[in-house]
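Okay, here's what each chain looks like letter by letter:
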Amino acid sequence: MAPLKLMVLKDRIRQRFPSERLVQYHMEFSGIDPDSQKPKLVDTNGKFSQAVYEFFQKRISLQYPLEQTQLDPFQHVKEQHEAFMKSRCDFVFGRDDVLKQIDSYVCLPANHVPLMLLGNAGTGKSSVMCRAADQAVNKALTGNIPGGGRTRWHVFYHFVGAVPGSTELFAMLKRLLLEMSVVSRATMPTSLDMAVQLTCGALTNDNTKPIIIFIDALNQFDEDQASAIVSWMPRKLAPHVRCVFAMITDTPQHKALTVREPAPQEFYLQPLTRHTGQIIVEQLLAKYGKRLDANQMCTLLDKESSINPLWLSIAVEELRVYGNFRKVSEKIEQLADGLLELEIQVLERFEHESGGELLVATLSLLEVSARGLLETELLVMLADYDNLMPQEKGGEKRDKGKEKRRDVGKLPAAKWAVVYGALRPFLRPFGESGEGRLDFYHRSLSKAVRKRYFSGTDETDVARIYNWWHAKLADFFETTGANIQRKIEEYPVHLIAIHDQERLEKFLVEWEVFEHLFDEEYSYKLLQLWREGSDLERLRDSYLTSINNLANTPDTTKDHLSRKQEEIAELLVQSGNYKEAQELAEKAMALEREELGSRPERMSELYFLLAYVQDETMKLIEFMYRSQLPQMRKIVDNYEAAAKLLRQLPGEFNKVKLARTLNRLSFYYSGYASRGGDDYLGKAAATEKALTAIETAIETLKELNDEPHIADALVTKGVAYGSAVPEQIKAYKEAQTLALRVVGENNTTTNRLYVNMAIYYEEVGNYDLAYDYFRKWYDVSCELYGKQHPITGRPIKTLKESVYRRIAATRGDDIPGACE
């Protein structure tokens, strides 16, 4: 009977599959296996094993070819986002109201503002965005979205944290600009600032092709000023632009958008209904051929947290993997009612089943990392089994700086697979293991990790635990071969956390690190690291030593030395070390004149540098006197010399530099006028020159669509009009609207704006408003420069004046202390 059944089965297989897919082979009986007590069969001629080997070799080579094909990186990223969208878009229940709202926003005539989908962590925003984006794609392809014209609508979608590299704002903006046909691969912006300006301009341009932009988890972009204030998003969208954003309520991004005029549309995602929750549970379990009975379903949905989709999905997953089906009802009863509590419960299970200390170490390293960790980085750190976890309280103290990370290779793949397999649903990026950084997909898990693994017996114990993990990461990034960008992202953060000033200073003065962090307008990140981990006097001494060492290095070219002297001089000005900056600027100018041929482009830069150093020094003077005119004339002469050369030089960069120079010239011409002028330049002539220069600067910046510098020029325009006139405050308010949108509050332009607005209100006698803006000036100065900086001393002195002391006392505000 058995041979007949086998013949019938073979015939059916032959009828079903083509002959080239079939392999005939012969097996022989070779006894009973002593362990399993099952018959042993041997492929006598190896035909079957060879066929299987060749089949898999061919399939693997098709999917992972040895030849390196040149993939378009932008198209590859788009396909990854599409895969994520497709994986989530079919699993949306009970959200018809929000989907209709998004569809109406997309299809109805433009209202020129974005639509924001808001909700707390785990409320299902990502799934809704995936469904909405997929529906928009289908409608756009079939021409069912009105107003697209012949080109039809293009749909751009980006799910932050879902695929490798998706948390980087710069990368997203470049892809968006490319899909909007604003740039080509050859003209791709080379900096975030440039990408922000291009994007903002394109989204307001009436000639922009019809586009619908979906961005999920807007608040999860890497921490950056541009991402926090959404400066790339204009106040008013072009007619053929639609933007749908999803984010957590009350995040910086949400607040930054809601204060704009006109305000964006908002839609709050409501909790799940009981009926929708039941459908989700049934669908999730049905994928694995499982279900709950009526009583079990009722018990699960009776829990208060079942209205949260994330809680519900985690709970269902816990039930799915539970091995004893006879005790499922008991397991449901035991599920913690609360997202944080349930996540901690899951972590406890993982510890026992999926790696123990390896899993705890993985979660702890991710928690203290600055921006997530690469899988390759984790594999190296986790391989050091003897140094995997911190000592118990009262154990041996780590000798800071002495104990170095040992080279112990990498964690075996089999051990990592256990840990990663358990954590994968909770980590980003979605998809392929080993690509991009790993980090918590939902920030709620970060809270669970902190409560579970970073809760000591007291504050000192908690600090000890954090310090141990920061030290482990600091040691790793000190010795690793990671690229400089990764080291900058992580290494200084951990050195500051463990108060390792020596290693931090050594790192920050490395020229490669300096070049990545220095910004000629204001090196905010670099100065912040020095303030947090050292001080600005140490900054001065360290960089002066570095520049002297460079000058004494035999293979240093004169041109390279001059340029580094210029950059260090600019940094010293930014840090309040004006005397040393002046000396270094003069050395750079002497080197250019005496040994490098007075090249026009370099001379324009060095004239600007000399004026800039003198300019910043002049800002420390609180009161205006005619005796300051000779000092101001030196500044004017240097700016005029720079402007004369810049007018002759080609290129967009020199245009921007010319506009900045004219901006400062206007300020000093207006300063000449406010001091009454002299024989060199009278008051009326100075005012005329100030207004002419600033109008030219603004016109040039508008041509370049350089909104950050336009905001600063508008402040100067207000100053140029003169004191306490209506035109002045009008220019200031225009500058305020633009500055808060494109650069945010903690910026040098906004800081300058606040002091000038305060002075205006003081001059018109409105001391309450003047106090408000002087206070803003102080707050921003502290954020930008720190309390030790001379610039911060000015608002402190102002707020100590009697009139502002009285206002502070009335309001119950503290009076700022002197610079420390």
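Residues numbered from 1 in each chain as written. Predicted model: local features only at pLDDT ≥ 70, side-chain atom pairs only at ≥ 80, totals over all residues. Heavy atoms only, no water.

- The name an unreviewed UniProt entry gives the protein chain is Orc1-like AAA ATPase domain-containing protein, with Ridgeia piscesae as the organism.

1. Some points on the sheet that holds strand β6 (residues 241–248)
Turning to step 1, where the next piece is worked out: Spatial ordering of the open sheet is given by β4-β5-β6-β3-β7, a layout of 5 strands whose pairing is parallel. Since the sheet does not close on itself, it has two edges, and those belong to β4 (154–159) and β7 (265–268), each with one partner. Strand-to-strand twist across the sheet, computed as the mean angle between neighbouring axes with direction ignored, equals 15°.
Turning to step 2, where the next piece is worked out: Looking at chain direction, strand β5 (residues 211–216) and β6 are connected through 5 bridges and run parallel. The residue of β6 that forms the bridge with Phe-214 is Val-244.
Turning to step 3, where the next piece is worked out: Relative to the sheet, helix α5 (residues 125–141) contacts β3 (115–119), β4, β5 and β6, its axis offset from that of β4 by approximately 160°.
Turning to step 4, where the next piece is worked out: Here helix α6 (residues 169–179) sits on the sheet and contacts β4 and β5; the angle it forms with β4, its principal contact strand, is near 170°. (Pairing = 2+ DSSP bridges. Helix = DSSP H or I, 4+ residues; strand = E, 2+ residues; numbered from the N terminus. Axes fitted to C-alpha atoms, helices over the stretch in contact; angles between N-to-C directions. Contact = heavy atoms within 4.5 Å.)

2. Remarks on the side chain of Lys-657
Turning to step 1, where the next piece is worked out: Looking at where Lys-657 falls in the secondary structure, it is placed in helix α29 (residues 652–674).
Turning to step 2, where the next piece is worked out: Exposure remark for Lys-657: the relative accessible area of 5% places this residue in the buried category.
Turning to step 3, where the next piece is worked out: For Lys-657, the contacting residues outside a window of four places in its chain are Glu-520, Phe-608 and Leu-646. (Buried < 20%, exposed > 50% of the residue type's maximum accessible area, 1.4 Å probe, protein only.)

3. Examining the packing of aromatic side chains
Turning to step 1, where the next piece is worked out: Inspection of the entire model under this criterion finds 24 aromatic pairs.
Turning to step 2, where the next piece is worked out: When the ring of Phe-514 is compared with that of Phe-518, the centres are 5.2 Å apart and the planes differ by 20°; the resulting orientation is stacked. Across this residue pair, the class does not change: Phe-514 and Phe-518 are buried.
Turning to step 3, where the next piece is worked out: Chaining the aromatic ring pairs together yields one cluster made of Trp-511, Phe-514, Phe-518, Trp-530 and Tyr-543.
Turning to step 4, where the next piece is worked out: One cation-aromatic arrangement involves Lys-174 over Phe-170; the distance from NZ or CZ to the ring centre is 4.4 Å.
Turning to step 5, where the next piece is worked out: Note that Lys-487 overlies the ring of Tyr-491, its terminal NZ or CZ placed 5.7 Å from the centroid. (Phe/Tyr/Trp six-rings, centres within 6.5 Å; stacked < 30°, edge-to-face > 60°. Lys NZ or Arg CZ within 6 Å of the ring centre and 35° of its normal.)

4. Looking at empty space enclosed by the protein
Turning to step 1, where the next piece is worked out: Considering all chains together, one arrives at 5 cavities of 30 Å³ or more under this definition.
Turning to step 2, where the next piece is worked out: Taken together, Leu-99, Ile-102, Asp-103, Val-106, Ala-132, Gln-135, Ala-136, Lys-139, Ile-145 and Phe-214 make up the full set of residues lining the second largest cavity.
Turning to step 3, where the next piece is worked out: When residues of the lining of the second largest cavity are traced back to their parent elements, those giving at least two are α4 (96–107) and α5. (1 Å grid on protein atoms, 1.4 Å probe; cavity = no way out; pocket = protein on both sides within 12 Å on 5 of 7 lines; lining within 4 Å. Points joined across faces, edges and corners; volume = space filled by probe spheres on them.)

5. Quick notes on a negative patch on the surface
Turning to step 1, where the next piece is worked out: Residues Asp-193, Asp-224, Asp-519 and Glu-521 make up a contiguous surface patch of negative charge.
Turning to step 2, where the next piece is worked out: Tracing the backbone shows Asp-193 in helix α7 (residues 192–204). (Patch = residues over 30% accessible without salt bridge, like charges linked within 9 Å, V, L, I, M, F, W, Y side chains within 5 Å. Areas by Shrake-Rupley, 256 points an atom, 1.4 Å probe, with all protein chains shown as cover. Salt bridge = Lys/Arg side-chain N within 4 Å of Asp/Glu carboxyl O. Lys, Arg positive; Asp, Glu negative; His and termini not counted. Charge placed at Lys NZ, Arg CZ, Asp CG, Glu CD.)

6. As for the environment of Arg-450
Turning to step 1, where the next piece is worked out: On the secondary structure map, Arg-450 appears in helix α18 (residues 443–453).
Turning to step 2, where the next piece is worked out: Residue classification places Arg-450 among the partly exposed residues on the basis of a relative accessible area of 31%.
Turning to step 3, where the next piece is worked out: Taking the C-alpha atoms as reference points, Arg-450 and His-275, 175 residues apart in sequence, are found 34 Å from one another.
Turning to step 4, where the next piece is worked out: Look past the residues within four positions of Arg-450 in its chain and what remains in contact with it is Glu-367, Ser-455 and Tyr-466.
Turning to step 5, where the next piece is worked out: Within the structure, the side chain of Arg-450 is placed 3.4 Å from the side chain of Glu-367, a separation counted as a polar contact. (Polar contact = N/O pair within 3.5 Å; in protein donor to acceptor, adjacent residues only side chain to side chain.)

7. A short note on the nonpolar core
Turning to step 1, where the next piece is worked out: Membership of the largest hydrophobic core comes to 177 residues, with the highest contact counts inside it found for Leu-300, Leu-382, Trp-416, Leu-508 and Tyr-543.
Turning to step 2, where the next piece is worked out: The element best represented in this core is helix α27 (residues 600–618), accounting for 10 residues.
Turning to step 3, where the next piece is worked out: Beyond its immediate chain neighbours, meaning those up to four positions away, Leu-300 contacts Val-281, Leu-292, Ser-306, Trp-311, Leu-312, Ala-315, Leu-319, Ile-332 and Leu-335.
Turning to step 4, where the next piece is worked out: With 71 residues, the next largest nonpolar core counts Met-172, Phe-214, Trp-232 and Leu-257 among its residues. (Core = buried A, V, L, I, M, F, W, Y, C linked by side-chain atoms within 4.5 Å.)

8. Here we look at the pairing of strand β10 (residues 437–440)
Turning to step 1, where the next piece is worked out: In this structure, strand β8 (residues 373–374) lies alongside β10, joined through 2 bridges in antiparallel fashion. The partner of Leu-373 across the bridge, within β10, is Leu-438.
Turning to step 2, where the next piece is worked out: Taken together, the 2 bridges between strand β9 (residues 427–428) and β10 define a ladder with antiparallel strand orientation. From the neighbouring strand, Leu-427 faces β10, where its bridge partner is Phe-440.

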